[in-house]
Amino acid sequence: MEPFRAEIPNHFSLPRRINRLGELAYNLWWSWNPDAQRLFSRIDRELWENVDHNPVRFLRQVERPRLNAVTNNRYYLEFYDRTFRSLDQYLTEPNTWFARNYPDLRNRPVAYFSMEFGLHECLPIYAGGLGVLSGDHTKEASDLGLPFVAIGLFYREGYFTQRITEDGWQEARYDQHDLENLPVIPVMTAEGKPVTISVELPGREVQARIWEIHVGRVPLYMLDPNIDENSPGDRALPARLYSSDLDLKITQEILLGVGGVRALRTMGYNPDVWHMNEGHSALITLALLEERGNARPDQGYAEAEVEAVRRQCVFTTHTPVPAGHDRFPKGLVREVLGEARSRPLDQMKVMNGELNMTELALRFSGFVNGVSMRHGQVSRGMFPGYDVEAITN
């Protein structure tokens, strides 16, 4: 496997005594550890509030006299050293909950796919509850020491912020994110080139580079097609989260599902479990089938191949109303996926006039759960014939 590296950008000029603040700013561990947040707020509380608790922005804007002052403050330095001892112990601790309880599974990672991750307000790549749950799952996986890797899309504008006008109408505002102010790290080859993957779309291939976010012990990789090799339209594919354009939406889900599998393979991961958080990422199932061999035009995939994928896949469904499940017309699916990649959908009888992404995930998953007892009951009524367990968030 080619070696890759994700080095923290050198955006800051910090006094040597507190130079590890730059390292801390790029690990979201600080977001659920109040002492780590206080390391920044004690330098300049007003600025910390003004930058919305974003440590990358904070360290780029804080005045040098403020930094110099805390290097002469014995109480601050003791607090600084104690906090970094906690971080170092956390990151290097071999005796995690998972290691103690499941030592034989430590080298069998879980790949966690989600359309959004709500980790902190400074990283606006989420819209609501689905993203908050994804973020909490990722943080908890870090705390428990799970062998866990997360995959999502990098949105240059993300979800909108809203303003209510004087006459009561909603105005949506999208802001272009400044990468230099976000805790995202480029994944590079040993030669210093961005790591990229490609995904086939009608009449073209779209390339995407990979960004990494450190969430405690867990890496979160995000795919970003905003690179020179792509057309202007393809560069803007994941500019915004949750478009109403079906063509754009299914293309984003191909990038997440198929591209996400390829990204993990490129970086040497061989997950034992592939977790789909909601139906947006259900196309990982087709990517995993493709890896098991080329479909035979006259026979399709052997049942053993389908069953092997099913044993690896886990699905969490979130939405208890029919309107919340992505559906795509059959013609659009065939046009965007192509005949070969659409064949398993016919074989599994999951595309009758349209493709329901939730049903695709259900068909290919060995374990399915809702997010509460009641939601499990509702989901079993919405999708009869499927065993939907309940795991209360």
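Presented here is an overview of the structure given in this document. Each chain has its residues counted from 1, running along the sequence as written. Totals for whole chains, interfaces and linings use all residues, but because this is a predicted model, local features are given only for residues with pLDDT of at least 70 and pairs of side-chain atoms are given and counted only at 80 or more. Hydrogens and water molecules were not included; the side-chain quantities draw on all heavy atoms of the structure.

## Considering the overall build of the protein chain
As a reminder, the rule being used: Here a helix means four or more residues in a row that DSSP labels H or I, a strand means two or more in a row labelled E, and each is numbered from the N terminus. To get the radius of gyration, use the C-alpha atoms; to get the globule rule, take the number of residues to the power 0.38 and multiply by 2.2 Å. For the exposure calls, accessible area comes from a 1.4 Å probe over protein chains only, and a residue counts as buried if that area is under 20% of its type's maximum, exposed if over 50%, partly exposed in between. Two residues form a contact once any of their heavy atoms are found within 4.5 Å. Computed with a 1.4 Å probe, the accessible areas rest on the Shrake-Rupley method; for each residue, only the protein chains presented here act as cover. Neither His nor the chain ends is counted toward charge; the positive residues are Lys and Arg and the negative residues Asp and Glu. A single reference atom marks each charge: NZ on Lys, CZ on Arg, CG on Asp, CD on Glu.
Check the secondary structure of the protein chain and you find 16 helices and 16 strands. Here the C-alpha atoms of the protein chain give a radius of gyration of 22 Å, agreeing with the 21 Å that 2.2 N^0.38 yields for 393 residues. Taking the principal axes of its C-alpha atoms as reference, the protein chain extends roughly 75 × 60 × 50 Å. Counting across all 393 residues of the protein chain, residues that qualify as buried make up 52%. Sequence separation of 24 or more characterises 67% of the internal contacts of the protein chain that already satisfy a separation of 6 or more. Roughly 18,200 Å² of accessible area belongs to the protein chain as shown, and the carbon and sulfur atoms make up 47% of that amount. Each charge class in the protein chain was averaged separately, 43 positive and 53 negative side chains, and the resulting centres sit 4 Å apart.

## Focus on the nonpolar core
The cut-off we apply is this: Buried Ala, Val, Leu, Ile, Met, Phe, Trp, Tyr and Cys residues form a nonpolar core when they are joined through side-chain atoms within 4.5 Å.
Judged by nonpolar contacts, the single largest core of 110 residues is most densely connected at L21 and I213. The leading source of residues in this core is helix α10 (residues 246-266), at eight residues. Residues within four places of L21 in sequence aside, it is in contact with L14, L39, F40, I43, L59, Y76, Y80 and F84.

## Observations concerning the side chain of R341
As a reminder of what qualifies: Throughout this description, a polar contact denotes any pair of N or O atoms lying within 3.5 Å of each other; where both atoms belong to protein, one of them has to be capable of donating a hydrogen while the other can accept it, and for residues adjacent in sequence the pair is counted only when both atoms sit in side chains.
By the element assignment, R341 lies in helix α14 (residues 339-347). Here R341 falls in the buried class, since its relative accessible area comes to 9%. A distance of 3.3 Å separates the side chain of R341 from the side chain of E200, its partner in a polar contact. At 2.6 Å, the side chain of R341 forms a polar contact with the side chain of E290. Not counting residues within four places of it along the chain, the set of residues in contact with R341 comprises E200, V258, R262, L286 and E290.

## Considerations on the pattern of salt bridges
Test applied: We count a salt bridge whenever a side-chain nitrogen from Lys or Arg sits within 4 Å of a carboxyl oxygen from Asp or Glu.
Following the criterion strictly, the structure yields 20 salt bridges and no others. Across the salt bridge formed by E23 and R20, the nearest N and O atoms sit 2.9 Å from each other. Classification of E23 by relative accessible area gives partly exposed; the value is 31%. Through salt bridges that share partners, E200, R262, E290 and R341 make up one connected network.

## Describing the packing of aromatic side chains
To keep it simple, the criterion reads: Classification of ring pairs uses Phe, Tyr and Trp, with its six-membered ring standing for Trp, and accepts pairs whose centres are within 6.5 Å; under 30 degrees between planes counts as stacked, over 60 as edge-to-face, and the remaining range as tilted.
Counted by the stated rule, this structure contains 14 aromatic pairs. With a centroid separation of 6.2 Å and an interplanar angle of 45°, the aromatic rings of F12 and Y26 are classed as tilted. Taken as a pair, F12 in the loop between β1 (4-5) and α1 (21-25) and Y26 in the loop between α1 and α2 (34-41) lie far apart in primary sequence, 14 residues in all. A relative accessible area of 12% means that F12 is categorised as buried.

## Examining helix α5 (residues 64-71)
In plain terms, the rule: Taken from the helix axis, the directions to the C-beta atoms give the arc we talk about.
Within α5, the full set of buried residues consists of L67, V70 and T71. Projected down its long axis, α5 shows its buried positions confined to an angular sector of 110°, all on one face. Where α5 is buried, its residues contact α6 (74-92).

## A look at a positive patch on the surface
Here is the rule: Patch rule: a residue counts if its relative accessible area is over 30% and it has no salt bridge; like charges are joined within 9 Å, and nonpolar side chains (Val, Leu, Ile, Met, Phe, Trp, Tyr) within 5 Å.
Together, R42, R45, R82 and R85 make up a positively charged patch on the protein surface. For R45, a relative accessible area of 52% translates into the label exposed.

## Section: the environment of L362
Here L362 is to be found in helix α15 (residues 357-363). As a C-alpha pair, L362 and V350 span twelve residues in sequence and 9.8 Å in three-dimensional space. Here L362 is in contact with F315, V368, F383 and Y386, once residues within four sequence places are set aside.

## Quick word on the packing of α10 against helix α13 (residues 330-337)
For clarity, the cut-off: Fitted lines through C-alpha atoms give the axes, limited to the stretch in contact for helices. The angle between two N-to-C directions lies from 0 to 180 degrees. Here the word oblique covers every angle except those under 35 degrees (roughly parallel), over 145 (roughly antiparallel) and from 65 to 115 (roughly perpendicular). Should the near helix be turned anticlockwise from the far one by less than a right angle, the crossing is termed left-handed; should it be turned clockwise, right-handed. Residue polarity follows a fixed list, in which Ala, Val, Leu, Ile, Met, Phe, Trp, Tyr, Cys and Pro are nonpolar, Asp, Glu, Lys and Arg are charged, and the others, Gly among them, are polar.
In the contact formed by α10 and α13, the axes pass within 11 Å of each other and the chain directions differ by 45°. If you check the angle between α10 and α13, you find them oblique. Between α10 and α13 the crossing geometry is right-handed. Residues L246, D247, I250, T251 and I254 of α10 lie in contact with α13, whose contacting residues are L332, V333, V336 and L337. Residues of the contact of α10 with α13, tallied by class, amount to seven nonpolar, one polar and one charged.

Remember that the coordinates give geometry; whether it matters functionally is a separate question.
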